[in-house]
Amino acid sequence: MEQILFRHNRPGRSVTFAEYQAEGGFTALKKALSGMSPDGVQQAVIDSGMRGRGGAGFPTGKKWSFVPRTLPGPRWLICNCDEMEPGTYKDRVLLEANPYSLVEGMVLACYAIGVRHSFIFIRRGYEQAAANLRRAIAEATAAGLLGDNILGSGFSCDIDVHVSAGRYICGEETALMNALEGKRANPRAKPPFPAIKGLWGGPTVVNNVESLANIPYIIANGPAWFKATAATPEAAGMKLFCVSGHVVNPACFELPLGMPLGEIIDGPCGGMRPGSSFKACLPGGASTPYFTADHWGVPMDFDPVAKAGSRLGTGGIVVFDQQTCMVAATLNLVRFYARESCGWCTPCREGLPFVVHLLELIESGSGSEEHIGILREHVQQLNYAFCALAPGAMGPVDGLLRHFEDEIREHIVTGKCPFISI
Amino acid sequence: MEQKKMIPDLLKNELQSRIASAITNREAAVDVMKALQAHYGWLTDEAVVEAAALLGLSPLQVEELATFYEMIYRRPVGRHVIHVCDSISCWAMGGETLLSHLSGLLDIKPGETTPDGLFTLLPCCCLGNCGEAPTMMIGDTICGRVSVDTAAALIEQHRNR
Ligand SMILES: Cc1cc2nc3c(=O)[nH]c(=O)nc-3n(C[C@H](O)[C@H](O)[C@H](O)COP(=O)(O)O)c2cc1C
Ligand code: SF4
Ligand code: FES
């Protein structure tokens, strides 16, 4: 199968600058700077059908097009490498193998949007990825591919690496801008949207690592080529799926968007580990409603996954076998969100600990029938929180209620967790 | 009373040039806190005051940042901080067992530091190593597929470091 982002990978080490260039690296940048207008680059990204890989799936080129080119003052590009969503580790795998596609993609994005100064916001704990990026930035600058007057085109741009100190909410794009400015990372109200008023009040684009790293290949090979690498005519491009949990081979794979869930698990993941059978999975990271064996054939692409009642999210697939208690799994997930709540708004600050409390009651065998109704109400009510963290937290609860109501009820009726044998 | 000067001039100069290269002073705040934490072992009260002076902020403004982040410590920690991931993929692969095992090995509860000041044990959010669950981080080193045996070996390796 053709690989896009992983095509330069070397086993056990990062690709070098020389190897990346020898294999066609930076030809997209040369092509764009010598023969394409900024609008042309943006149009190619629009035509490619590329949708953001950070979780929300917003079309990348369209997001760029919202940035007004006429406002005075600087514009900004931020690459989001916060990646703290449980079950998600694709951006780390990519950057440890190859930091150059991201650097090249960022220069192309800066060129399209007219940005002089861009940032990579990277989480704590990704020290190897951050070191790779610093090295790649230094090499690209020395080769005239980054910095002042790139390739003699008159276009200049820089990339700064900002290493965070660990907090999931920093990945939310408006919280990220506060974090980068050195403020407490509470989200900001939208509107105004970042494209109009973002970092230091200037127009700002926030894109995920994987989104930006794909740009060179769209420019080098054309939008039609990129789109056609997907598994279905509706999908566009390849996707990094990072798999974890009870499969034989939990790893990060680059696969065509739209490949059915079951083919991913039985194919590259090697199926379920011995003695395990598939019970459920989080299809796209910790904030997505569960899929069950009924969803085995769902094409893993944004719209089909949404139509089947969940979200493609980050592409982090967490697989659970028949011995997993789904109430306990959901409790673990909501505890994460309750702890990571930034505390800014009441529904999330007060509501998530209450949901944790209800799930603890049910899991310990002290739940009652009315708790099911209260949980269901909270799935609705937490949509009114200030940012997307709280609705995300309720994704697994929603899935639990829709697919595993019998399992909840068994806890309540028997007064104990059926998966703990005492 | 004159405040005792705590950070060496070399570090101070480094931080001043980091701040000078930032777009605004505040942008460098996390870097400054991390550097001071590396110097003192944790972000001491003196460090908060020093960071504030360097950044042109009030100590309270530094404090509200410091208490926000998981990896900035406003209380003393041991020489080696052990973070054990307690998020979903690690949970599914036995992360709770790993945490309680480490707790037994070190004879401390999660959140505590060993009496000899060598190890602090902290549960933490996803470390981005979910495919190799269960995962822990000792200092800056990520360790995946940690078993009961490898956990004990890792601790022994770090005892004399
Ligand atoms: C709580 C929360 C955490 C998020 N964390 C990340 C993250 O770590 N990385 C990321 O790319 N997007 C994250 N997002 C989504 C971003 O807000 C934003 O949509 C994304 O970076 C846009 O990039 P894209 O258009 O390329 O997908 C998060 C959103 C929320 C609500
Ligand atoms: S929903 Fe939660 S994380 Fe988002 S602003 Fe409200 S308290 Fe903060
Ligand atoms: S869930 Fe433990 S490393 Fe991601």
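Everything numeric in this text was worked out from a predicted model, so none of it was measured.

Peer 1: Whenever I open this one, the site of ligand 2 confuses me. Can you help?
Peer 2: Taken together, 13 residues are adjacent to ligand 2, and Cys342, Trp344, Cys345, Cys348 and Cys387 of chain A come closest. Considered class by class, the residues forming the shell around ligand 2 number 11 nonpolar, 2 polar and no charged.

Peer 1: Please explain the interface of chain A and chain B as it appears in this structure.
Peer 2: Quoted interface sizes are often the accessible area lost when the parts come together. With 52 residues of chain A in contact, the opposing surface of chain B contributes 35 residues. Across the chain A/chain B interface, buried area totals approximately 3,500 Å², and carbon plus sulfur atoms make up 57% of it. For chain A, the biggest contributors to the area lost against chain B are Arg124, Ala165 and Arg184 of chain A; these three give 18% of the whole. If you look at where chain A meets chain B, you find 2 salt bridges. A salt bridge links Arg339 of chain A to Asp86 of chain B; its shortest N-O distance comes to 2.9 Å. Seen at the junction of chain A and chain B, the total is 17 residue pairs in polar contact (both at pLDDT 80 or more).

Peer 1: Got a minute to help me understand the domain arrangement of chain A in this structure?
Peer 2: All names here are of chain A. In terms of domain boundaries, chain A breaks down into domain 1 (17–228), domain 2 (238–321) and domain 3 (326–414). Each of domain 1 and domain 2 was reduced to a C-alpha centroid, and the two centroids are 27 Å apart. Facing the 15 residues of domain 1 at the interface are 21 residues of domain 2. Between domain 1 and domain 2, the buried area comes to about 1,400 Å², and carbon and sulfur atoms account for 55% of it. Our count for the domain 1 to domain 2 interface comes out at 2 salt bridges. As a salt-bridge pair, Lys239 and Glu210 come within 2.8 Å of each other at their nearest N and O atoms. At the boundary of domain 1 with domain 2, the tally comes to 10 residue pairs in polar contact (both at pLDDT 80 or more). Of all the elements, helix H5 (residues 90–97) adds the most residues to the side of domain 1 that touches domain 2, at 3 residues.

Peer 1: What's the story with the pairing of strand E1 (residues 76–81) of chain A in this structure? I'm lost.
Peer 2: The side chains of a regular strand alternate, residue by residue, between the two faces of the sheet. Residues and elements named next belong to chain A. Along E1, 6 of the 6 residues are buried, which leaves the element largely enclosed by surrounding structure. Of the two faces of E1, the one lined by Trp76, Ile78 and Asn80 and the one lined by Leu77, Cys79 and Cys81 are each fully buried. Direction of pairing for E1 relative to strand E2 (residues 117–122): parallel, over a ladder of 6 bridges. Paired with Ile78 across the bridge in E2 is Phe119. One ladder, built from 5 bridges, connects E1 with strand E4 (residues 204–208); its direction is parallel. Paired with Trp76 across the bridge in E4 is Thr204.

The rules behind each value
Residues numbered from 1 in each chain as written. Chains lettered and ligands numbered in written order. Predicted model: local features only at pLDDT ≥ 70, side-chain atom pairs only at ≥ 80, totals over all residues. Heavy atoms only, no water. Near = heavy atom within 4 Å. Nonpolar A, V, L, I, M, F, W, Y, C, P; charged D, E, K, R; others polar. Contact = heavy atoms within 4.5 Å. Buried area = accessible area lost by both parts, 1.4 Å probe. Salt bridge = Lys/Arg side-chain N within 4 Å of Asp/Glu carboxyl O. Polar contact = N/O pair within 3.5 Å; in protein donor to acceptor, adjacent residues only side chain to side chain. Domains from an automatic or database assignment. Helix = DSSP H or I, 4+ residues; strand = E, 2+ residues; numbered from the N terminus. Buried < 20%, exposed > 50% of the residue type's maximum accessible area, 1.4 Å probe, protein only. Pairing = 2+ DSSP bridges.

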